Amino acid sequence: MKSIQLDTQLQENRKGKSLLKKVLNTPPLLWGGMMFALLIGVAVFAPVISPYQPSHQNLFAILQPPSTKHWLGTDQLGRDLFTRVIYAARTDLSIMVLAEVIPFCTGVFLGMLAGYYGKWIDTLITLITDTLIAFPFYLIVIIVAFASGAGQKGIYITFILVGWIVYARVIKGLSASFRKQEWIAAAQTLGIPGVKIILRHLLPNVLPQAVVVLMTDMVGLLVAIVTLGYLGIGIAPPTPDWGTMISDGQSFIATAWWLSAVPGCAVVYTGIALSLVGDGLADIWRRK
Amino acid sequence: MIKLSATGGRFKKLSGLSAKIAPSHRWLVRALIRAVSVVFCVVVAVFFIIRIVPGDPAKMILGQYATPQAIESMHHRLGLDLPIWEQFIRFVQNLVTHGDTGTSIVLGTSTRTLIAERAPVTLLLIAMASLLAIIVSIVLATVAATHKNGVLDHLIRILPTVTLGMPIFWVGLLLIIFLSVRLRWFPVGGVGQGLGGMLYSLMLPAITVAFAHIPTLVRSLRTQMLEVLESDFVVTLKAAGIPNRVILVKHVLRNSALPALMLLGVNISYLIGGTLVVEQVFGIEGIGSLLFSAISNRDFPIIQGIALYCAISVEIISFLVEIASRFLDPRTKGEL
Amino acid sequence: MMAPILEVEKLSLATRSKKKLVSNVSFTIGRGESMGLVGESGSGKSLTLRSIIGLLPPGIEQVSANIRCSGRCAMIFQDPIGALDPLCPVVGQLAEVVAYNQKVSRKASRKIAFELLDMLGLPASLKQKDRYPHQLSGGQCQRIVIAMALACKPDILLCDEPTTALDVTVQHQILEIITRLQKELGFAMVFVTHNLAIVSSMCSRLCVMKEGQIIERGDTLTLLQNPQNPYTQRLISSVLPVPDFERRPVL
């Protein structure tokens, strides 16, 4: 017994080591991962890092340029810009991750169904995705977010409705190509039911690709959240959000341009981190 | 097709659509069926926009303190008091006869008129942005592909990673900050008088919209060109003493142009969406600003109209792109 | 031997990552002479040809070479359909090559192109209607490619397995055409193939390549009848029922 346990432990250790090795051997993944970890760290420890409150106003010190007291200056209500940027990371990143959960699951599942069974399920899902794709992405996001009510709830509903399409399309193609391979046919001849084949055999094979798509899609989602905030139908003030911050700063671009520029840089930073992670994962997956 | 039905009279007994259609035309029929069914689904989706509102759209339009009578008359005006299938038939009828989605609640004007008024600026902006994106992408991709592993090539390969997370409106703002406020090259916003003024004032918005699409366009075009550059026929032409410059322009670019055209067809939907947002940044009175004023006025018919026209244009454009790309390729031209 | 028209001395090729592909290959060819280059796939035959005409695939570099060529080179390729621009009418491509090589007007180049079509026995219908590569057969495409090579007025014709991708009957026709044209126009030829039967009928001299090196060379008949290197012996015994040289068709 003991020896068996040891064995499995050893194996797990080895597994862990090879994973670490893989990460270290893939520079994009390593750099992207570190950038993202730093971002998460800053967001989590925001209260420790910053001495100010994100909504603390100081009307005697409005629109100040960057200084030692206020690293990135203050906004039109005298709030510390740096504090607001890192608190906004909390809001935007948590929504980004949460809003991605349901679309990811439904998209992967529907994609596998369409790819595996083909026929009318495929036709139906293709028709729905084609229809939704005909609407310009921002148009549909804006309309659904507005119609389902501004704020976080609207964002979640919007992405439940339209977010799954990307996954469904990619996974459908992938599943259809796996479908033609012999091991699936072999499983079928053994009389294993379709659902079991999908969950046991197809899912593990399409999941890596889905995760790669997840990384770039999260960037798109974040940009959409920020865009909705900018247009005034996303996260409502006073909750700090990069989009509303950019929009607030727009009135002062002639005098205090950093008010708009800095929150945007935070979005770009997140985008670079996530797409590096995505590229790295795709590399590892391809090497396999 | 005409020829076929004239000579093939004896096949008449084999009625049924597929028997009468030459096999080479089947893709066209399939593409048409697809386009028509997507348009139908678009109409259904637009019809439901007003109905996914949680609670009562009439209350949303009139506000919390509306009287029951006012709400009832709004219901009547929006047709919400009828059974749902009748509402749909009316919606489609109106669409077919008037080409619109009803009259604006705030302005009382037909949505079609309102959209037609605002469309020219938006269309001009889209055209300028597409043209700019194509030209810049072709130049950059050509340089990158012919100098593989050079500095520009590496830059172009990492470009999409950086620009993926750039909100389009933020790019617009940065351009305003640097090119308009600092350097005073362009106006900060609005649309100038006359064609010249219009083109000049739309330059910066067009650059913004194009900027969002250039990275992905360049990346795919570069891959495409590298594939063509390494193909056998380029080696043959080189071996036969044709100068590199001529091969590049006459053969490589032409062969990469087809996939680029397809790509633009796929991207046109994103391009339109980006344009709507960018209009808001630059204060341009186009479809985008109509959409946002309709949103703040809760003017549902206008929102539906814009959604419908945008989606149908996208569908028509991608259909035309498919036909055009088949027509331009001698391998599939015969099937038209 | 006649004055050499092509001298290749100590040609070595390697990838960027220093993997050796061809090492120390040397040979000379006289005016009007034809030489075969035989070996298994991946032995560096095609790369040797490519470096003579200066068109190495990207990523491969000449480590050392001394190539002296006192004439014009032209080349024909393995995959005739892929060797033509799919979006360009074949006659147009041929005329383009004529125009750039013989420095004539557009109209004149078309006329010369038509003459070349006749010379290669291509159907007259090509002259009336624009035809694209996908509308022609493999053999017809290869004739166009040969015509394009002839339009360069070559002194040396480099043939990179020109018949491998074709049907057996078409192979024969193409080989006949090449032999006839060589007699008429008198160009020298380097013929790369892995088919010993073809080489025996086309070439007077032979080089056998293996792993980037020439391991045996000599007069075709002597070499085929009395191979010294074990690899050559294996090559001959695996490919041939040894051809009956007495009854070799005189082309």
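Residues numbered from 1 in each chain as written. Chains lettered and ligands numbered in written order. Predicted model: local features only at pLDDT ≥ 70, side-chain atom pairs only at ≥ 80, totals over all residues. Heavy atoms only, no water.

A.B. asks: Would you explain the overall build of chain A in this entry?
C.D. replies: What chain A contains, in helices and strands, is twelve helices and zero strands. Ordering the α and β elements of chain A from the N terminus gives α-α-α-α-α-α-α-α-α-α-α-α. For chain A, the C-alpha atoms occupy an extent of roughly 75 × 55 × 30 Å along the three principal directions. With 288 residues in all, chain A has 49% of them scored as buried. Taking contacts inside chain A between residues at least 6 apart in sequence as the whole, the part at least 24 apart equals 72%. Carbon and sulfur atoms provide 68% of the accessible area of chain A, an area that totals close to 13900 Å². In chain A, the 21 positive side-chain charges and the 14 negative ones have mean positions that sit 10 Å from each other. (Helix = DSSP H or I, 4+ residues; strand = E, 2+ residues; numbered from the N terminus. Buried < 20%, exposed > 50% of the residue type's maximum accessible area, 1.4 Å probe, protein only. Contact = heavy atoms within 4.5 Å. Areas by Shrake-Rupley, 256 points an atom, 1.4 Å probe, with all protein chains shown as cover. Lys, Arg positive; Asp, Glu negative; His and termini not counted. Charge placed at Lys NZ, Arg CZ, Asp CG, Glu CD.)

A.B. asks: Quick question: what am I supposed to make of the layout of surface pockets here?
C.D. replies: Empty pockets left among the atoms are what a rolling probe the size of a water molecule brings to light. Its boundaries defined by the atoms lining it, the second largest pocket holds a volume of some 730 Å³. Contributing to the lining of the second largest pocket are 31 residues, with L229, E230 and K238 of chain B together with L56 and P58 of chain C lying nearest its centre. Among the residues making up the lining of the second largest pocket, the classes are represented as 14 nonpolar, nine polar and eight charged. (1 Å grid on protein atoms, 1.4 Å probe; cavity = no way out; pocket = protein on both sides within 12 Å on 5 of 7 lines; lining within 4 Å. Points joined across faces, edges and corners; volume = space filled by probe spheres on them. Nonpolar A, V, L, I, M, F, W, Y, C, P; charged D, E, K, R; others polar.)

A.B. asks: Sorry, what's going on with the UniProt feature "transmembrane region" (unreviewed entry) in chain A here?
C.D. replies: UniProt records the feature "transmembrane region" (unreviewed entry) at residues 29-49, 93-118, 124-147, 154-171, 211-236 and 256-278 of chain A, using the numbering of this structure. Secondary structure content for residues 124-147 of chain A is 92% helix and 0% strand, while the C-alpha to C-alpha distance between its ends is 25 Å. (UniProt positions renumbered as here; feature names shortened; annotations may be inferred.)

A.B. asks: Looking at this structure, how should I read the sheet that holds strand β2 (residues 20-30) of chain C?
C.D. replies: Paired through backbone hydrogen bonds, the strands of a sheet run either parallel or antiparallel to each other. All names here are of chain C. Ordered in space as β2-β1-β4, the three strands form an open sheet in which the pairing is antiparallel. Of all the strands in the sheet, the pair left with one neighbour each is β2 and β4 (60-69). Pairs of neighbouring strands in the sheet enclose a mean axial angle of 5°, with direction left out of account. Bridging between strand β1 (residues 4-15) and β4 involves eight bridges; their strand directions are antiparallel. Counterpart to T15 in the pairing with β4 is I60. (Pairing = 2+ DSSP bridges. Axes fitted to C-alpha atoms, helices over the stretch in contact; angles between N-to-C directions.)

A.B. asks: Would you mind showing me how to read the nonpolar core here?
C.D. replies: Grouped burial of nonpolar side chains is what soluble globular proteins tend to show. Within the largest apolar cluster, 145 residues are counted, with the highest numbers of intra-cluster contacts made by M96, L139, I142 and W242 of chain A together with I306 of chain B. For this core, the element with the highest residue contribution is helix α10 (residues 194-231) of chain A, accounting for 19 residues. Excluding residues that lie within four positions of it along the chain, I142 of chain A makes contacts with L228, L231 and I233 of chain A together with V277, L291, F292 and I295 of chain B. Core analysis: the next-biggest nonpolar cluster, separate from the first, contains 106 residues, L237 of chain B together with M75, L126 and L157 of chain C among them. (Core = buried A, V, L, I, M, F, W, Y, C linked by side-chain atoms within 4.5 Å.)

A.B. asks: Where do I start with the pattern of salt bridges in this structure?
C.D. replies: If the charged atoms of two oppositely charged side chains come close together, the side chains can form a pair. A complete count under the given rule lists 14 salt bridges over all chains for this structure. Linking D130 of chain A and R34 of chain B is a salt bridge whose minimum nitrogen-to-oxygen distance equals 2.8 Å. Here D130 of chain A, found in helix α5 (residues 119-134), pairs with R34 of chain B, found in helix α3 (residues 26-49), and the two come from separate chains. Classification of D130 of chain A by relative accessible area gives buried; the value is 9%. For E315 of chain B, the salt bridge identified is with R34 of chain B, shortest N-O distance 3.1 Å. Placement of the pair is E315 of chain B in helix α14 (residues 300-328) and R34 of chain B in helix α3, with a sequence separation of 281 residues. Because the salt bridges share partners, they merge into one network encompassing D130 and R169 of chain A together with R34 and E315 of chain B. (Salt bridge = Lys/Arg side-chain N within 4 Å of Asp/Glu carboxyl O.)

A.B. asks: Got a minute to help me understand a nonpolar patch on the surface in this structure?
C.D. replies: All names here are of chain B. Judged by side-chain polarity, L131, I135, V139, V143, V151, L152, L155 and I158 come together as a nonpolar surface patch covering roughly 730 Å² of accessible area. Those elements giving two or more residues to the nonpolar patch turn out to be α7 (111-146) and α8 (151-163). Take V139: it is sitting in helix α7. On the basis of relative accessibility, which here comes to 48%, the residue V139 falls in the partly exposed class. (Patch = residues over 30% accessible without salt bridge, like charges linked within 9 Å, V, L, I, M, F, W, Y side chains within 5 Å.)

A.B. asks: Would you mind going over the sheet that holds strand β6 (residues 156-160) of chain C with me for this structure?
C.D. replies: All names here are of chain C. Within the open sheet, the six strands sit side by side as β5-β6-β7-β3-β8-β9. Their pairing is mixed. Here the strands that pair on one side only, and so sit at the sheet edges, are β5 (73-76) and β9 (213-219). When the angles between neighbouring strand axes are averaged without regard to direction, this sheet yields 15°. Note: strand β3 (residues 34-39) against strand β8 (residues 205-210), five bridges, orientation parallel. Directly across from M35, in β8, lies its bridge partner R205. Across the sheet, helix α5 (residues 138-151) lies against β5 and β6, angled at about 175° from β5, the strand it touches most.

A.B. asks: How do you make sense of the interface of chain B and chain A when you look at a structure like this?
C.D. replies: By a widespread convention, an interface's size corresponds to the accessible area lost as its parts come together. Every contact between the two is made by 47 residues of chain B and, on the other side, 40 residues of chain A. Counting each side, the surface lost to burial between chain B and chain A is near 3700 Å², with a carbon and sulfur contribution of 81%. Of all residues in chain B, the largest losses of buried area upon contact with chain A belong to T161, F169 and W170 of chain B, amounting jointly to 16% of the total for that side. Here chain B is connected to chain A by one salt bridge. Taken together, chain B and chain A are joined by six residue pairs in polar contact (both at pLDDT 80 or more). Put simply, the parts of the chain that give the side of chain B that touches chain A at least two residues each are α3, α8, α9 (168-182), α12 (244-282), α13 (287-297) and α14 of chain B. Examining the composition of the side of chain B that touches chain A, we find that nine residues originate from one element, α12 of chain B, more than from any other. (Buried area = accessible area lost by both parts, 1.4 Å probe. Polar contact = N/O pair within 3.5 Å; in protein donor to acceptor, adjacent residues only side chain to side chain.)

A.B. asks: How do you make sense of unusual backbone geometry when you look at a structure like this?
C.D. replies: In most cases, non-glycine residues show a negative phi, while peptide bonds are predominantly trans. We note that K119 of chain A has phi near 50°; this positive angle belongs to a residue other than glycine. Its location among the elements puts K119 of chain A in helix α5. Judged by its relative accessible area of 69%, K119 of chain A falls in the exposed class. Of note, K10 of chain C is a non-glycine position whose phi angle comes to about 45°, a positive value. Relative to the helices and strands, K10 of chain C resides in strand β1. Judged by its relative accessible area of 54%, K10 of chain C falls in the exposed class.

A.B. asks: Please explain helix α11 (residues 242-249) of chain A as it appears in this structure.
C.D. replies: Each turn of an α-helix holds 3.6 residues, which means side chains three or four residues apart point in the same direction. Counting buried residues along α11 of chain A, six of its eight residues qualify, which places the element largely inside the surrounding structure. All of the buried residues along α11 of chain A are W242, G243, T244, M245, I246 and G249 of chain A. Its buried side turned inward, α11 of chain A meets α4 (81-117), α10 and α12 (258-287) of chain A together with α9 of chain B.

A.B. asks: What's the story with empty space enclosed by the protein in this structure? I'm lost.
C.D. replies: Residue and element names in this part refer to chain A. Across all of its chains, the model carries one cavity of 30 Å³ or more by this definition. Roughly 60 Å³ of internal volume is contained in the largest cavity. Along its surface, the largest cavity is lined by D75, Q76, R79, L81, R84, M245, D248, G249 and L259. Elements that contribute at least two residues to the lining of the largest cavity include exactly α4 and α11. Per-element accounting of the lining of the largest cavity gives the leading share, three residues, to α11. For the lining of the largest cavity, the class distribution of residues is three nonpolar, two polar and four charged.

A.B. asks: What is the right way to look at the pairing of β1 of chain C in this model?
C.D. replies: Moving residue by residue along a regular strand, the side chains alternate between the two faces of the sheet. Residue and element names in this part refer to chain C. Where β1 and β2 come together, seven bridges link them in antiparallel fashion. Bridge pairing links V8 to F27 in β2. The antiparallel hairpin formed by β1 and β2 contains four residues in its connecting segment, where K18 sits at a positive phi of about 65°.

A.B. asks: Sorry if this is basic, but what is going on with the environment of G274 of chain B here?
C.D. replies: Here G274 of chain B lies in helix α12. Measuring from C-alpha to C-alpha, the distance between G274 of chain B and P167 of chain B comes to 9.7 Å, with 107 residues separating the pair along the chain. Excluding residues that lie within four positions of it along the chain, G274 of chain B makes contacts with Y138 of chain A together with I168 of chain B.

A.B. asks: Would you mind showing me how to read the packing of aromatic side chains here?
C.D. replies: Describing an aromatic ring pair means giving the distance of the ring centres and the angle of the ring planes. One pass over the structure, following the stated rule, counts 13 aromatic pairs over all chains. Here the aromatic rings of F47 of chain B and F88 of chain B are separated by 5.0 Å at their centres, their planes lie at 80°, and the arrangement is edge-to-face. Residue F47 of chain B is found in helix α3, and its partner F88 of chain B is found in helix α6 (residues 84-98); the two are separated by 41 residues along the sequence. Relative accessible area serves as the criterion here: at 2%, F47 of chain B is assigned to the buried category. Chaining the aromatic ring pairs together yields one cluster made of F40, F47, F48, F88 and F91 of chain B. Seen from the ring of Y116 of chain A, R179 of chain A lies directly overhead, with NZ or CZ sitting 4.8 Å from the centre. (Phe/Tyr/Trp six-rings, centres within 6.5 Å; stacked < 30°, edge-to-face > 60°. Lys NZ or Arg CZ within 6 Å of the ring centre and 35° of its normal.)

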